Amino acid sequence: MIKCKVVNFLFSLIPLKRWQGFLLSHHLQRCPLCQKNMASAEQVKSLFIQEGDMESVPGLWPAIRMKLGEGRVKKSFGLRRLAWIAGAAGLLAAGAASIWLFIYPGRNSSSGRLAERFQINYIRVGSGPARACIFKPYESNMIFVWAERETKEEENDD
Amino acid sequence: MIKKKLIIIIIFFIAFAFLCLQAAVRLDIKLRFYEGTRGVAVELPQIVTSSFLHPTVTANIPSEAELIEEKKQIQRIFNLLDVSLITEADLPWAEGSGKISHLIRLDGKEYLISLTPLYQVRKNQFRIEVFEQNDKGKNSLLDTEFIQPKGNIAVFGFEDMQGNPYFLSLRVTGSLKEVETAVTGGVTAEDIEEFSRGAIKAEGEVKPPRLIKKVNPVYPEEARKAEVQGIVILSVRTDTYGRVEDILVRKSAGPLLDQAAIDAIRQWIYEPMLVNGKPNPVIFTVTVHFKLK
């Protein structure tokens with residue numbers, strides 16, 4: 001036996017499925033409160049027409065469905081639109097974040113992306129490569145590099 | 001309706017991306033230039049003239065302990081009799097501003113230090129070039145490209161054309177935002193702006209002028225007795241005739257030594273700065289050394 005609240009809820013789910021319609025009509029036939037709330041069972045009879053029953057009445061059910069569905073279509077369109085906007089905003093935000101990180105990856109990180117090791121790409125003195133020595137004292141944040149011109153004798157030795 | 005919302009989102013995105021691109025990285029770079037003594041102690045230049053110094057936040061942060069440690073390490077590692085700081089400079093670099101050039105004049109010689117932060121700024125990648133130059137031409141003393149870990153000090157040693165050892169230390173102190181809270185006072189950007197109004201700054205292609213008339217600073221007796229030593233860095237402004245018309249202390253060595261430096265510099269005369277044949281007031285930097293023998 002279903003209760004009045006459930007009936008009200010089921011009303012909001014129209015169009016109903018066959019079993020829902022049966023439970024609803026069953027309740028309405030027996031519930032004096034619901035019957036009182038309604039003008040008469042006859043007046044609301046059309047609401048309990050089952051989907052299966054409508055097959056024999058071409059055009060009516062699709063018309064009712066269309067009418068009932070309008071609200072839903074509008075509602076679902078609103079949701080879909082909201083979803084599209086949210087998706088687009090999310091994509092744009094992700095794109096912006098990617099650009100941010102790609103162009104300035106070090107901007108927001110204090111040390112994570114920074115070079116952790118001292119590295120020399122090249123070192124020259126005068127017009128040629130230099131002879132270089134690199135030294136880092138123990139437990140110091142200083143790195144010492146000495147660069148000097150390669151002598152001709154050394155160049156010949158090489 | 002949906003189109004309007006999409007347009008708003010796209011405009012917002014474009015504005016955001018534009019702001020991302022516009023917000024440039026800024027670095028403060030502390031540069032120190034040392035001269036080493038291998039054998040017999042050499043009388044070091046007492047006065048150094050160099051390029052104009054832009055204001056930086058880090059310039060106001062005391063770093064004497066760091067300086068002493070640097071000198072000690074250079075002397076120890078390179079087995080030198082002595083190491084003296086010739087000058088130091090706090091150089092601001094903003095993304096897109098290209099290379100930083102700093103010219104140093106000492107004892108009739110010119111050293112041009114050119115610092116180029118490279119595309120991998122996030123890795124503190126730089127190119128440093130040091131030239132010894134004169135009217136006849138310039139010689140490359142050092143040209144290197146390196147990646148420096150944040151918080152580290154890189155010290156490059158090299159020899160000039162006469163075989164004297166020089167050292168250049170470089171420390172990147174990060175963006176201004178990172179050090180804002182550490183500001184203790186000192187010369188502000190407004191002070192420098194006021195000081196330099198209407199004058200040409202000796203930077204980039206504009207060299208600091210040559211000193212024509214020099215009066216040596218007098219070591220204050222009181223400072224001598226108290227064994228006060230140090231270097232005073234000053235911004236100097238000359239008028240159209242090359243006379244010193246204004247001085248601003250950028251790095252103090254105490255009121256006694258600051259005043260002694262100011263008293264001497266006020267009597268100096270530089271060659272007039274000509275731009276398109278017309279003399280102009282010019283601003284540059286002077287470093288005065290006070291060292292007890």
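Described below are features of the structure shown in this document. Given the structure is predicted, the values throughout are model-derived calculations rather than measurements.

1. Notes on the overall build of chain A
Then, in step 1: Along its length, chain A carries 6 helices and 3 strands.
Then, in step 2: Going residue by residue from the N terminus, the α and β elements of chain A occur as α-α-α-α-α-β-β-β-α.
Then, in step 3: The burial tally for chain A puts 8% of its 158 residues in the buried class.
Then, in step 4: Residue pairs in contact within chain A that sit at least 24 positions apart in sequence constitute 32% of those at least 6 positions apart.

2. Remarks on the environment of B:Pro55
Then, in step 1: Relative to the helices and strands, B:Pro55 is located in the loop between β2 (47-50) and α2 (64-77).
Then, in step 2: For B:Pro55, the residues in contact, after removing those within four places along its chain, are B:Val187, B:Thr188, B:Ala189 and B:Ile192.

3. Description of the nonpolar core
Then, in step 1: Counting 61 residues, the largest nonpolar core has A:Val145, A:Ala147, B:Ala154, B:Val155, B:Phe156 and B:Val232 as the members making the most contacts within it.
Then, in step 2: Tallying contributions element by element places strand β17 (residues 282-290) of chain B first for this core, with 6 residues.

4. So, the pairing of strand β1 (residues 26-37) of chain B
All names here are of chain B.
Then, in step 1: In this sheet, strand β3 (residues 82-94) lies alongside β1 in antiparallel orientation, the contact comprising 12 bridges. By the bridge assignment for β3, Thr37 is matched with Asp82.
Then, in step 2: Summarising the sheet, β1 and strand β9 (residues 165-172) pair through 7 bridges and their orientation is antiparallel. Opposite Leu31, over in β9, you have Leu170 as the bridge partner.

5. Considering α2(B)
Then, in step 1: A rise of 1.5 Å per residue sets the reference length of α2(B), with its 14 residues, at 20 Å; its end C-alpha atoms lie 20 Å apart and thus fit the reference within 8%.
Then, in step 2: Where α2(B) is concerned, the buried positions are B:Glu70, B:Lys71 and B:Ile74. Take α2(B) and look down its axis: the buried residues cluster within an arc of 95 degrees, on one side only. For α2(B), exposure combined with an orientation more than 90 degrees from the buried face picks out B:Ala65, B:Ile68, B:Lys72 and B:Arg76.
Then, in step 3: Those residues of α2(B) that are buried lie in contact with β3 (142-149) of chain A together with β1, β3, β8 (153-159) and β9 of chain B.
Then, in step 4: Residue B:Asn79 follows α2(B) closely and has a positive phi angle near 50 degrees.

Conventions adopted
- Just so you know, the residues in each chain are numbered from 1, in the order the chain's sequence is written.
- Numbering of ligands from 1 and lettering of chains from A proceed in the order in which they are written.
- Only residues with pLDDT of at least 70 are given local features in this predicted model, and only at 80 or more are side-chain atom pairs given and counted; all residues enter the totals for whole chains, interfaces and linings.
- In DSSP terms, a helix is any run of H or I states spanning at least four residues, a strand is any run of E spanning at least two, and both are numbered starting from the N terminus.
- Field definition: a residue is buried when 20 or more other C-beta atoms are found within 10 Å of its C-beta, exposed when 12 or fewer are, and partly exposed for counts in between, with C-beta atoms placed from the backbone.
- Any two residues are considered in contact once their C-beta atoms, placed from the backbone, lie within 7 Å.
- Take the buried Ala, Val, Leu, Ile, Met, Phe, Trp, Tyr and Cys residues, join any whose C-beta atoms are within 7 Å, and the set you get is a nonpolar core.
- What makes two strands pair is DSSP finding at least two bridges between them.
- For a helix, the expected span equals 1.5 Å multiplied by the number of residues minus one.
- Arc definition: it is the arc formed by the directions from the helix axis to the C-beta atoms.

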